[in-house]
Amino acid sequence: MFSGGQDSTTCLYWAKKRFKEVYALSFVYGQKHELEVELARRIASKAGVPFEVKNVEFISELSTGCSLTDNSIPMDSDKPAESYPNTFVPGRNMFFLSIAAVYAREHDIMNIVTGVSQTDFSGYPDCRDSFIRSLNVTLNLAMDEQFVIHTPLMWINKAETWKMADELGIFDVIRHETLTCYNGIPGDGCGHCPACKLRRQGLEEYLSQKKLGNN
């Protein structure tokens, strides 16, 4: 599952290191920052992996109140105290993983990789380990298969994700060619949305740790 962002690009190269063949699957779901799909295509080409896009815009039509799919809604800058941030797209990862599993079955693939993280999950319930494990069982029962959903980033924070990217030799690719920003600005992004704040905080922490390690 490949969006062209920091996490999924790191996972793409993680997968390339572990599997003989890797396929990149991206989704258009009505997101404002659809540029991510074009950047994902470029990164997949650079990585030498087949790339496909599935149109699932029905996801954004099923629910309202999401600032990622509705330009009229101001984006939450921080997670509300007793609610989900309005950047949460209900069911998104459930739909993505279910579609990816059907795609995988048709291509005789048993390993599905996604960049979700419970450590930096921003309040999204469909990024938690319990959800991934549950859906993994459900998909196997639904199709009588033995899929394995891999979550390389599940228990690491953004600083550790930057470290992983550096160890994979793709630090500059992540820094300059990915799109994590909810406002659709590549690289370091807008600097103000929740995704950019999390990314920047992790980068600064990692660079600080790396500098200390080199001293």
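Our subject is the structure that appears above.
Residues numbered from 1 in each chain as written. Predicted model: local features only at pLDDT ≥ 70, side-chain atom pairs only at ≥ 80, totals over all residues. Heavy atoms only, no water.

## Some points on the state of the cysteines
The condition that has to hold: Any two cysteine sulfur atoms within 2.5 Å of one another count as a disulfide. Under the scheme applied here, a residue whose accessible area is under 20% of the maximum for its type counts as buried, over 50% as exposed, and between as partly exposed, the area being computed with a 1.4 Å probe on protein chains only.
Considering all chains together, one arrives at zero disulfides under this definition. Cysteine Cys190 remains unbridged, with the sulfur of Cys181 as its closest cysteine sulfur at 3.6 Å. Given the relative accessible area of 18%, Cys190 is considered buried. Cysteine Cys193 is unpaired, with the sulfur of Cys196 as its nearest cysteine sulfur at 3.6 Å.

## Here we look at the pattern of salt bridges
Here is the rule we go by: Criterion for a salt bridge: a side-chain nitrogen of Lys or Arg within 4 Å of a carboxyl oxygen of Asp or Glu. Only runs of H or I of at least four residues qualify as helices and only runs of E of at least two qualify as strands under DSSP, and these elements are numbered from the N terminus.
Taken as a whole, this structure holds eleven salt bridges when the rule is applied. Between Arg41 and Glu38 there is a salt bridge, with its nearest N and O atoms 3.7 Å apart. Within this pair, Arg41 and its partner Glu38 are both found in helix H2 (residues 35-47), separated by three residues, close to a single helical turn. The class for Glu38 is partly exposed, based on a relative accessible area of 34%. Overlapping salt bridges, with partners in common, bring together Glu38, Arg41 and Arg42 in one network.

## Some points on the pairing of strand S2 (residues 51-55)
Note the threshold: Note on pairing: DSSP must find at least two bridges between two strands before they are called paired. Note on handedness: a crossover is taken as right-handed if, strands pointing away from the viewer, the path from the first strand over the helix to the second is clockwise.
Pairing between strand S1 (residues 24-28) and S2: five bridges, direction parallel. Across the sheet, Ser26 pairs through a bridge with Val53, a residue of S2. Remark: the S1/H2/S2 crossover connection has right-handed handedness.

## What about the pairing of S1?
Among the five residues that make up S1, five are buried, leaving the element largely enclosed by the rest of the structure. Both faces of S1 are covered, namely the face carrying Ala24, Ser26 and Val28 and the face carrying Leu25 and Phe27.

## Some points on the nonpolar core
Side chains of a nonpolar character, in soluble globular proteins, are inclined to be buried together. As a reminder, the rule being used: Only buried residues count toward a nonpolar core, which is a set of Ala, Val, Leu, Ile, Met, Phe, Trp, Tyr and Cys residues joined through side-chain atoms within 4.5 Å. Contacts are assigned to residue pairs with any non-hydrogen atoms lying within 4.5 Å of each other.
By size, the foremost hydrophobic cluster in this structure holds 35 residues, and its most contacted members are Leu97 and Ile112. Where this core is concerned, the elements lending two or more residues are S1, helix H4 (92-106), helix H5 (129-143) and helix H8 (194-214). Top contributing element to this core by residue count: H4, with six residues. Look past the residues within four positions of Ile112 in its chain and what remains in contact with it is Leu97, Ala100, Ala101, Ala104, Phe147, Val148, Ile149 and His150. Counting residues in each nonpolar core, the second largest holds 29 residues, with Val37, Ile156, Trp162 and Ile170 among its members.

## Thoughts on the layout of surface pockets
Quick reminder of the rule: Two kinds of site are reported from a 1 Å grid over the protein atoms alone, namely cavities, where a 1.4 Å probe fits but cannot get out, and pockets, open sets with protein on both sides within 12 Å along at least five of seven lines, and residues are called lining when an atom falls within 4 Å of a point. Grid points are joined across faces, edges and corners, and a volume is the space filled by probe spheres set on the points. Polar here means any residue other than Ala, Val, Leu, Ile, Met, Phe, Trp, Tyr, Cys and Pro, which are nonpolar, and Asp, Glu, Lys and Arg, which are charged; Gly is therefore polar.
Counted as a void, the largest pocket has a volume near 930 Å³. Forming the walls of the largest pocket are 40 residues, and the residues nearest its centre are Ser3, Asp7, Arg92, Tyr124 and Tyr182. For the lining of the largest pocket, the secondary-structure elements that each account for two or more residues are helix H1 (6-18), S1, H4 and H8. When residues of the lining of the largest pocket are assigned to their parent elements, the largest contribution, five residues, is made by H8. Here the lining of the largest pocket is composed, by residue class, of 16 nonpolar, 15 polar and nine charged. Empty space within the second largest pocket amounts to approximately 460 Å³.

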